[in-house]
Every structure is written in C-alpha cells, then in structure tokens.
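Understanding the architecture of this molecule
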Amino acid sequence: MLESMLVQPDGLLPAARYTSQEFLDLELEHVFGKVWQMAGREEQLVAPGDFLEYKIGDESIIVVRTETGGLHAFPNVCLHRGTQLAHGCGHFEGNSIRCPYHSWTYALDGSLRYVPDREEFTSIPDDLALKPVQVDSWGGFIFVNLDPDAKPLLEMLDPLPTLLRAYRMDELKFRSYLSTVIHANWKAVVDAFNEAYHVQGLHQQILPFTDDVSIAYEQFPLGHAHYGQIGTARGILRPSPRLGLEPGEYDEGELLYMRVAALGGAFLGEERDAVQALRDSGPPEGSTLLEAYQERRLRMLGGRGFDTSGLEPAQMTSVEDTYVFPNVVGPLYPGTALMFRVRPNGRDPDSCIKDTWVLEWPAPDAEWKMPKIRDYPNWHDRNWGEITEQDYTNLGYVQAGMKSKACEGLRLNPRQEGNILRMHQVIDRYITEGEGRP
Ligand code: FES
Ligand SMILES: [Fe+2]
C-alpha cells in the first residue's frame, strides 16, 4: 500500500500523496515529527516571558523567551490533566506559566513550581517539568524540532545559511503577518510557489514584464532548493520570450517600472521614484537602464545603513525564491523577504494553513513594533491581489482534480518542476528510511 503512494520510478507522483489520510498521517509522524520547522521569529519574543505557539497536526508547542535571554520550548500540555497552557502569542506575567484550569504553575524553563494543595498528592516527583522540545534559531527565525535526537539545525539547513548570508535575514523584522486557510493539501500549496512554470498558464497578465523563461532551479541534498534568475539573465530587461517581441517592440523603462510596481511593497516609495527619475534622465553613458537602477538601489539601501557587502547590483532587482524544506517558500530581495509557511490544517489532507510573512529591514533609527497577526479563516475575506487570488482559486481546483479517480498522478517537468520532485523524494526518504539525508 505504501509503495503505491511513493514517488514512482518514472517520476510520477501518485495523487494519494495529496489526498489520503494515510499519507498525511505518515508525514506528520515521519516528516513533521523529525524536521526542524519554523515556529516564528526572534523579534516576536523580546522580553523574558514573551511566548508564541506553534501548531502542527495534533501538536502544539510553546516557545518562550527565558530570563537569561535564551529560548525554551515545551509541549503545550499541562502535567495535571492535559489542558493547553497558552494560545497564540503573548506574555507570561511574572515569568510564570499558570495553567488556567487548576493553577499548576511552571517556571519559564518548564519546571513545576507550584501545585495548589500539593501535600494531598502522593505522586508528584520533585523534579517534574514540562518536557523540553528542541529549539534553535538561524537568521532570526526560530525553529523547533519534535525529535529529541534531531541533528543540529545548522547542519540540517545546509547550504541555506551560506547561500543567504548576504541577505542578513537576522536583521529583518516582521512588517506584516497574515494567516489563512487554503482548501488544498499543504504540498500542493508549497508546489505552487516552488516553480515559475505556471506563470505562462495562470498569470499570463505578467508576461509583458516578466522573463519567465530564463529561470534556473537548483536543488540541494536535504530537500532545500531555490530558483530565480540565477546566473546569466540578471542583466537583461525583457518581456517573456514566449510573447515573441523584438527589442524595438517594448520599452525598457516601462518594463522596469512594471517590474518594480509588481513587487509592490518589496520596494520603498523612494526606490519606485528612482525608476521614474532614471526614465526621465536616461541611463548614464555605457550602462543600461537596468544596471543604472540596480546601482542606484544598492546605493540607497547602503545609504540607509544596510550592510550591502556581499550583494551584487544584479541582485537588486532579481528575486531569489527560496524553499526551506519542508514547508516554507518565498521570494527574497535584499532588505525584504516574503515567506509563505504552509502547514497541514490539523489532520485534514484537504486543507492547510498558509501564513504570509512580510519581513523587512527597518532602518536603525526607525521605531519597530510587532504587527498584529491577522487571521482570515476564509481567504475570500481579504483582497490578496490578482496574482495570489489566481493561485488560491486554482489550488481549490487542483485539490478537487487530484481527488478524482481519473487522476493517475502528477507528471512533473524535470527541470522547471525539479524543486517539487526533490521535495517529494526527501519526504519519501523520511518515511521509508527515517531520515532526510541521501
Ligand atoms: S489541567 Fe492544568 S492545572 Fe489542572
Ligand atoms: Fe502563482
């Protein structure tokens, strides 16, 4: 039975991987039970006693900032009668965690400090404590791992810490945090943000200013991957070659304007204004409009105090879409990141929770406050923008189609959908071999 759900020797992905309860249960046990997963960001936990909750499947984990400035994580389960101790995010007053049911109270390190009428119990060991869950952080992201024997986080993230060093992810902070439910399997949602092959199908409106053809993909052994204009195409501003337009048939200034406008919030107002200034003045001798803009944006970012060492001008207008195995994917720009964290919604194979994290680099003198987490249990209750709504609508149809008896499986383009294939192969490795390493 399991065999028939694994990635097939010819590369076919059986649809049951996305639709069956059995497969999701295997993933929750062997993948989410074993891997490091992003629970939140350091800046959510500023003061001792600040906490956040991370839910996955049937599990809920509390991560708390300790009195010494470290992090501690434990299952969100009272040792008395199992009540959950806290929800969402907040602060434990007086640095103690009091169960709302009968007031058993724990220190921030999980040790049991107070039991009302303790002398009436006969079986409470002195050293009773909430079991620690592994917690660590990289790049400002807090990761938890339910496996007490997990390999160290940095080892398991390889090579992302090296690849993303110049982006200084640890200096970014939340600008917004949205959460919603998509009626599709969690992997279908990750898949939809882990390739650009669908741009010519689903997002045709962006082809006039999007070169969707010169996109390279690269996968790493532990399942992580990235894609974007890795390599040669960075210096060229052109529409999708699929449109068959010749250089005289489009305006580079218009293209640059559209590209920057499409990135919207990823660029600051002054950076958008710089496009217009350059269009008016024209690029300096010997440089193209794109090169001139990249240089200017790099200088602006540096001028605001961002350490731009390690960044090349070409990175200033290109997106590095990064996939952190198993469930975070999104585009990174210098100074800004958009990250989608996707989790199974409880134990439902047909729905998932998608968190949208917009991170940005706040200037050193800017005041920063953690934005409120906005939760939309029904994604239709918010305007997500044209492109994202095309994706969300489509994902409902993807899930419905895959559930049909007529769906034989998914046939991937080995190059443009290689990141997806790698993710599935690594999931199978966790399920069949108990670990993600090749
Ligand atoms: S369940 Fe927590 S104190 Fe009773
Ligand atoms: Fe899309």
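Everything below is about the structure printed above this text.
Below: a short report on this structure. (Residues numbered from 1 in each chain as written. Chains lettered and ligands numbered in written order. Predicted model: local features only at pLDDT ≥ 70, side-chain atom pairs only at ≥ 80, totals over all residues. Heavy atoms only, no water.)

Here the focus is the nonpolar core. Among the nonpolar cores identified, the biggest contains 83 residues, and Phe141, Met169, Phe325 and Met339 are the most heavily contacted of them. Per-element tally for this core: the top contributor is helix 11 (residues 418–433), with six residues. Split by domain, the residues of this core number at least three in each of domain 1 (1–34 + 161–233 + 318–438) and domain 2 (36–149). Once you skip the residues sitting within four places of it in the chain, Met339 turns out to touch Met38, Phe141, Met169, Val328, Val329, Gly330, Asp355, Thr356, Trp357 and Leu359. Residues Val199, Val260, Leu289 and Tyr293 belong to the second largest nonpolar core, which totals 20 residues. (Core = buried A, V, L, I, M, F, W, Y, C linked by side-chain atoms within 4.5 Å. Buried < 20%, exposed > 50% of the residue type's maximum accessible area, 1.4 Å probe, protein only. Helix = DSSP H or I, 4+ residues; strand = E, 2+ residues; numbered from the N terminus. Domains from an automatic or database assignment. Contact = heavy atoms within 4.5 Å.)

Looking now at the pattern of salt bridges. With the rule as written, the count across this model stands at 20 salt bridges. Of the charged contacts, one joins Asp212 and Arg242 as a salt bridge, the two residues approaching to 2.7 Å between their closest N and O atoms. With Asp212 in the loop between helix 6 (199–202) and strand 12 (216–219) and Arg242 in the loop between strand 13 (225–228) and helix 7 (252–263), this pair connects stretches of sequence that are 30 residues apart. On the basis of relative accessible area, Asp212 is assigned to the buried category, the value being 1%. Salt bridges linked by common partners bring Asp25, Asp58 and Arg347 together as one network. (Salt bridge = Lys/Arg side-chain N within 4 Å of Asp/Glu carboxyl O.)

The full count for this structure, using the stated rule, is 16 aromatic pairs. Here the aromatic rings of Trp104 and Phe121 are separated by 5.6 Å at their centres, their planes lie at 85 degrees, and the arrangement is edge-to-face. Of this pair, Trp104 sits in the loop between strand 6 (96–98) and strand 7 (105–107) while Phe121 is found in the loop between strand 8 (112–114) and strand 9 (134–138), placing the two residues 17 residues apart along the sequence. An aromatic cluster is present here, built from Trp138, Phe141, Phe174, Tyr177 and Trp357 joined pairwise through their rings. When the ring centre of Phe141 is taken as origin, the NZ or CZ atom of Arg41, which lies over that ring, is 4.5 Å away. Over the face of the ring belonging to Trp368 we find Lys173, whose NZ or CZ atom lies 5.8 Å from the ring centre. (Phe/Tyr/Trp six-rings, centres within 6.5 Å; stacked < 30°, edge-to-face > 60°. Lys NZ or Arg CZ within 6 Å of the ring centre and 35° of its normal.)

Spatial relationships are all this shows, so hold off on functional conclusions.
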